[in-house]
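Notes for the structure review
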Amino acid sequence: MARPLIFGNGTLAVGLDKFGFVRDFYFPFGENHVSEKIPPWKIGVFVDGEMSWLDGDSWDVKLRYREKSGVPYPFGRIFAKNAGLGLALEIDDFVDSRSDVFSRNIHVINLKNFERELKVFVYQSFAISEAKDGHDTAQLWPNDSIKQNLFYDYSPKNGDAIIHYKGNRFFMVSGKNATSGGGFDDFTIGGFDDVREGSWRDAEDGILAKNPAERIITDSTIGFTVQLKPFDSNRLRVCVTCGEDIQQTARSMSEFLDNKSRQLQTFNDWRKWISPAVNFSSARVPKDFRETFLRSVLMAKMHIAKSGAVIAALDTAMLKNTSDAYVDCWPRDAANVLQPFLQIGLADDAKNFLDFAKNIITNKGFFWQMYRADGNIGPNSHSFNRGKNGEILLPIQTDETASVLNLCANVLLGELKKNHQTDKIREKYYDDFAKKMADFLCEYI
């Protein structure tokens, strides 16, 4: 994996680069709205008359997953220190497990022995639905909009927000400032193209232009004024919520910011999910390899969509040098990922994939080369051909079907060992699924 940190909940997935900048933002799985082709989401500080972004040479940035008792969880901890500026940032990131919200808690630490005022700037860019087609819009959404615009029956309650949208994809950006108790106090909306680098450039004098709307290819920058006492600190929270309509997205933002227990709730959800792997590693994996083992399990889980599809790669770093990224589900690769999940005790993920596979298998009993996370057929590098006797040779790889059949057989065996009712198992997995794959392979080979 090219990304040092990836977070996800099966619908929303976020990938960070080595500076803690967002490089991939999938909603839903398989549909990226950032990627290597557009500017990354940046974080920077304006202090003592100087603007400094975290990818500057003066910053020492370290990233890791949060761990508890040697078990990694999908929570990021970024520690960035700038000795020259006398500042440090601790950034805690996570994707909410029960709603499509990406949260960044930014802890700003003053390393100097005098009081200071500074501004933290957060930049985000979008090419919604992976297209620069001129239909993106970004607007400031005032927190009292419900009083002024009867079209919407819901408005942000925790300060202003910025909404980026196109079609049925909506992304709302807002936050909280512990210093003021409100949200961001500076903003601008802009865009980027072959001439403009992005609205983050507007932050470099410490003051944003407050442009309230833009369309075509959009980005936005928000700023928070922070007061710091000597050797003291303060905190910010920046959130991005995702939805398929504007009111749902706004409601998710308000509910998330109002509920202080969402991070703990997400942690408990992940602790419950990973517990079989923890038990397995304690009993079966040598101590020196347990952390790597659990991190691998966690990384594999980050690539599993709620649909059951297992995505090959959620990073787009390869787009620097190629025109392709592996944001698809190969049935063979998915089966190979999930075979060890069965041994570990994570059978539910394997069953979810089999449910996905049952919905996409052809009437003839085979799978195409790859699929999108929503079950639609993905790109195919093979062509139809004719055999010696004029028969049609399909543009498939037979192990795409055989690997799924093998996984299905192992799931069936596991269910039978649990003494589940044979008739139900046969109805769910065998009659119209496993048998169909086996019949195809016998005839086709």
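Structure: see above.
The structure reproduced in this document is the subject of the present report.

Spatially, β6-β7-β8-β9-β17-β13-β12-β11-β15 is the arrangement adopted by the nine strands of the open sheet, whose pairing is antiparallel. With one partner strand each, in any of the chains shown, β6 (60-68) and β15 (213-216) form the two edges of the open sheet. Sheet twist, expressed as the average angle between the axes of neighbouring strands with direction ignored, equals 15 degrees. Across nine bridges, the pairing between strand β9 (residues 101-110) and strand β17 (residues 233-243) is antiparallel. In the strand pairing of β17, Val-108 is matched with Asn-234. Along the sheet, helix α2 (residues 246-258) makes contact with β8 (87-95), β9, β11 (136-141), β12 (161-166), β13 (169-177) and β17, crossing β17 at roughly 150 degrees. With respect to the sheet, helix α3 (residues 262-284) is in contact with β6, β7 (71-82), β8 and β9, its orientation differing from that of β7 by roughly 125 degrees.

With that settled, consider helix α7 (residues 398-417). Over its 20 residues, α7 runs 29 Å from end to end, which matches the ideal 28 Å to within 8%, given 1.5 Å per residue. Glu-400, Thr-401, Ser-403, Val-404, Leu-405, Leu-407, Cys-408, Val-411, Leu-412 and Glu-415 are the residues of α7 that are buried. If you follow the buried residues of α7, they end up packed against α5 (331-344), α6 (347-360) and α8 (422-444). Phi turns positive one or two residues past the end of α7, at Asn-419, with a value near 65 degrees.

Moving on to the environment of Gly-20. Tracing the backbone shows Gly-20 in the loop between β2 (13-16) and β3 (22-26). The spatial distance from the C-alpha of Gly-20 to the C-alpha of Asn-105 is 13 Å, given a sequence separation of 85 residues. Those residues in contact with Gly-20, other than ones at most four positions away along the chain, are Leu-63, Ile-78 and Arg-104.

Thresholds applied
- Every residue gets a number counted from 1 within its own chain, in the order that chain's sequence is written.
- Thresholds applied to this predicted model are a pLDDT of at least 70 for local features of residues and 80 or more for the giving and counting of side-chain atom pairs; totals over whole chains, interfaces and linings are not thresholded and use all residues.
- Working from all heavy atoms in the structure, the side-chain values ignore hydrogens and water.
- Strand pairing is assigned whenever DSSP detects at least two bridges linking the two strands.
- Helix and strand assignments follow DSSP, with helices taken as H or I runs no shorter than four residues and strands as E runs no shorter than two, numbered in order from the N terminus.
- Axis definition: a line fitted to C-alpha atoms, over the contacting stretch in the case of helices. Angles run 0 to 180 degrees between N-to-C directions.
- Should any heavy atoms of two residues lie within 4.5 Å, those residues are counted as being in contact.
- Take the number of residues in a helix, subtract one, and multiply by 1.5 Å to get its expected span.
- Exposure classes here rest on a 1.4 Å probe applied to the protein chains alone. A residue is buried below 20% of its type maximum, exposed above 50%, and partly exposed in between.

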